[in-house]
Amino acid sequence: MKKLTLLSVAVCVLITLLISACSPAPSSAAKLRVACDATWPPFEIINEQTKELDGYGPELIRAVAARAGLDIELVNVGFDSVLAGVSQCQYDMAVSSITITDDRKKTILFSDPYYLAGQIVTVRKNNDSITGKDDLSGKTIGGQIGTTGIIEANKIPGAKVKTFDEVGFAFQDLMNGQLDAVIADYPVAQGYVVKNKDTLKTVGPIFTDEYYGIAICKKNAYLVPKINAALQSLKDEGFLDMLDQKWVGR
Amino acid sequence: MSTPDEPQIPHKELGHIPGAEPSSRMDVWWWLVALVVGITALLLFAWPDPFMNIFKFVQDGIVITITVTLVSFLLVLVVGMVGGLGRLSTNRAVHIISTLYVELVRGVPLLVQLIIWYFAVPVMLQYLGKAWAIPALEGFQADPVVMAIIGLVFCYGAYMSEIYRAGIQSIPKGQMEAARSLGMTYFQSMRHVVLPQAVRVILPPIGNEFIALLKDSSLVSVVAVADLTRRGREYASIHFDPIEVWMLVALLYLIMTLFSARVVNWIEKKTKFER
């Protein structure tokens, strides 16, 4: 009998714990969750001192949120989870250098573009046989999973495409000589090339025109005009140019 | 009236020994494997979009996962045996080296080890090649699958060493002493007397390691090996349907692990006899 009492008490405690764990805390429920993959310098990074999300994207979304009167909370997840999460409304928004593409528009809403980027090919400095995107057929190409760089790489006939969780792994693999080329957004590739002047170089022109947009989950359509208005006013005030100067430096 | 010479035919019921029918000799847990396979097949054929599309995309990933697991496991069995015997060796140097190996390797997470093997080791080798002017090392290029297998073998070999050691130590000392006094050498007694008995003891933990290895092989996806997990992520990153993708990937892993658990169970039964 004693055992039975103990067991029922244990079950009751467990159930209460479960219920209290499942009901969300009221404070965080009101906040909009913004997903971001902080492995994409200089756009989304982790600040070394504060361990907070930092970079062009997070600074932009904080300013936009302040202007639009939104309460946001930034979440750091992998890039494929950013896209999947925002299309499944697990996150309310995402700011992660997401290129606006027609395919993505089918499942995700986008704000007006805030940045013009494009893809470029990076190779090792001693490689003279690859002078641009057209020399890549039959070569091993790397990039970050889910990015437009990988989408472009998959279009190249005969190319072997390797996807990495982080673009930094792809550049490391390129420097190790285990990849022939990396396709990534120009500002990001430029960052790695500047840091590794002796081993890496970009070749060929920027071969796509891509616009970054703030991704918004379909359930939150009411956010789009608010965010666009805030974005426009920040653009008019020169805030975007300031961010460009500060983070990308051009 | 029956004549006394006529042989007594035992009643039919008496020929029936409970628990000896072919049906009850079968391992009932095969039904669980069948159930999971059935659910997977149902998903694939009842909703070909998206499940069949996902399956077609991850197919080559399944092959890679199985290959990496099987090759690694065969090598792990060898490395573990060497490590286990080394741990028991009375030779100080061998003992210290194998103990160091086990202690160091099992203290570092497998994920970290894999990243080191793939991203750091090639750089070190290239650097050494440059320093010593060995052209073969200078241009060293790592194959992701090979590096992944080396990483898995290196890590699991350490765990397996401990399993072998425990198994060998569980055999009474008298067995070895008896074999040696019969004139067998140390290796003969190990090979013919101690190891065959130890294998029976360590079979369940070895089976456990195999299943753990099968699951941990998903970690190799971080070094861009296109295994089942990687392919699943790639599909989900294009189509944004993580729920369907991960459900199917989980079912596929489950089929592989449940099936291997049954095979291990079958081998255990085969090698078991009353002592």
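Owing to the predicted nature of the structure, the values given are computational and were not obtained by experimental measurement.

## Things to note about the overall build of chain B
Within chain B one finds 11 helices and 0 strands. The N-to-C order of helical and strand elements in chain B reads α-α-α-α-α-α-α-α-α-α-α. The globule rule puts the C-alpha radius of gyration for 275 residues at 19 Å, and the 26 Å found for chain B is more than 25% above it. Expressed as a percentage of its 275 residues, the buried residues of chain B come to 29%. Considering only contacts in chain B between residues 6 or more positions apart, those separated by 24 or more positions represent 76%.

## Points about the overall build of chain A
Of the regular secondary structure elements, chain A holds 10 helices and 13 strands. Every one of the 250 residues in chain A was classed for burial, and the buried ones make up 43%. For chain A, contacts bridging at least 24 residues in sequence account for 70% of all contacts bridging at least 6.

## A word on the interface of chain B and chain A
You'll often see interface size given as the accessible area lost when the parts meet. Listed as interface residues are 14 residues of chain B and, on the opposing side, 17 residues of chain A. Mapped by element, the contributors of at least two residues to the side of chain B that touches chain A are helix H5 (110–132) and helix H10 (228–239) of chain B. Counting residues per element, the side of chain B that touches chain A draws most heavily on H10(B), which supplies 5 residues. Within the side of chain B that touches chain A, the residues separate by chemical class into 9 nonpolar, 2 polar and 3 charged.

## A closer look at the domain arrangement of chain A
All names here are of chain A. The domains assigned to chain A are domain 1 (30–116 + 212–248) and domain 2 (119–203). When each unit is reduced to the centre of its C-alpha atoms, the spacing between domain 1 and domain 2 is 25 Å. For the side of domain 1 that touches domain 2, the secondary-structure elements that each account for two or more residues are helix H4 (79–87) and strand S5 (93–99). For the side of domain 1 that touches domain 2, a count of residues per class yields 6 nonpolar, 5 polar and 1 charged.

## Some points on the nonpolar core
With 114 residues, the main nonpolar core has Val34(A), Cys36(A), Val86(A), Met93(A), Ala94(A), Ala215(A) and Ala148(B) as its most contacted residues. Counting residues per element, this core draws most heavily on helix H7 (residues 144–169) of chain B, at 13 residues. Each of domain 1 (30–116 + 212–248) and domain 2 (119–203) of chain A accounts for three or more of the residues forming this core. Setting aside residues up to four positions removed in sequence, Val86(A) forms contacts with Ala35(A), Tyr91(A), Met93(A), Ala94(A), Ile108(A), Ala215(A) and Cys217(A).

## A look at the environment of Val199(B)
Residue placement: Val199(B) occurs in helix H9 (residues 186–216). As for Val199(B) and Gly167(B), which are separated by 32 residues in sequence, their C-alpha atoms are 7.1 Å apart.

## Focus: the confidence of the model for chain B
All names here are of chain B. When pLDDT is averaged along chain B, the result is 88, and 90% of the positions lie at 70 or above. The weakest mean pLDDT in chain B belongs to helix H1 (residues 22–25) at 67; the strongest belongs to helix H4 (residues 92–105) at 95. ipTM for the predicted complex: 0.73, alongside a pTM of 0.78.

## Regarding the environment of Lys155(A)
Residues and elements named next belong to chain A. Within the secondary structure layout, lysine 155 lies in helix H6 (residues 148–155). Exposure remark for lysine 155: the 9 C-beta atoms within 10 Å place this residue in the exposed category. Measuring from C-alpha to C-alpha, the distance between lysine 155 and cysteine 89 comes to 29 Å, with 66 residues separating the pair along the chain.

## Examining the packing of helix H3 (residues 48–88) of chain B against helix H11 (residues 242–271) of chain B
All names here are of chain B. In contact at an axis separation of 10 Å, H3 and H11 are set at 50° when each is read in the N-to-C sense. Classified by the interaxial angle, the pair formed by H3 and H11 is oblique. Note on packing geometry: the crossing formed by H3 with H11 is right-handed. Contact with H3, carried on its side by Pro50, Phe51, Ile54, Phe55, Val58 and Ile62, involves Glu244, Val245, Leu248, Val249 and Leu252 of H11 and no other residues of that element.

The rules behind these values
- Residues numbered from 1 in each chain as written.
- Chains lettered and ligands numbered in written order.
- Predicted model: local features only at pLDDT ≥ 70, side-chain atom pairs only at ≥ 80, totals over all residues.
- Helix = DSSP H or I, 4+ residues; strand = E, 2+ residues; numbered from the N terminus.
- Rg over C-alpha atoms; globule rule 2.2 N^0.38 Å.
- Buried ≥ 20, exposed ≤ 12 C-beta atoms within 10 Å, placed from the backbone.
- Contact = placed C-beta atoms within 7 Å.
- Nonpolar A, V, L, I, M, F, W, Y, C, P; charged D, E, K, R; others polar.
- Domains from an automatic or database assignment.
- Core = buried A, V, L, I, M, F, W, Y, C linked by C-beta atoms within 7 Å.
- pLDDT = per-residue confidence, 0-100.
- Axes fitted to C-alpha atoms, helices over the stretch in contact; angles between N-to-C directions.
- Parallel < 35°, antiparallel > 145°, perpendicular 65-115°, else oblique.
- Left-handed = near helix turned anticlockwise from the far one by under 90°.

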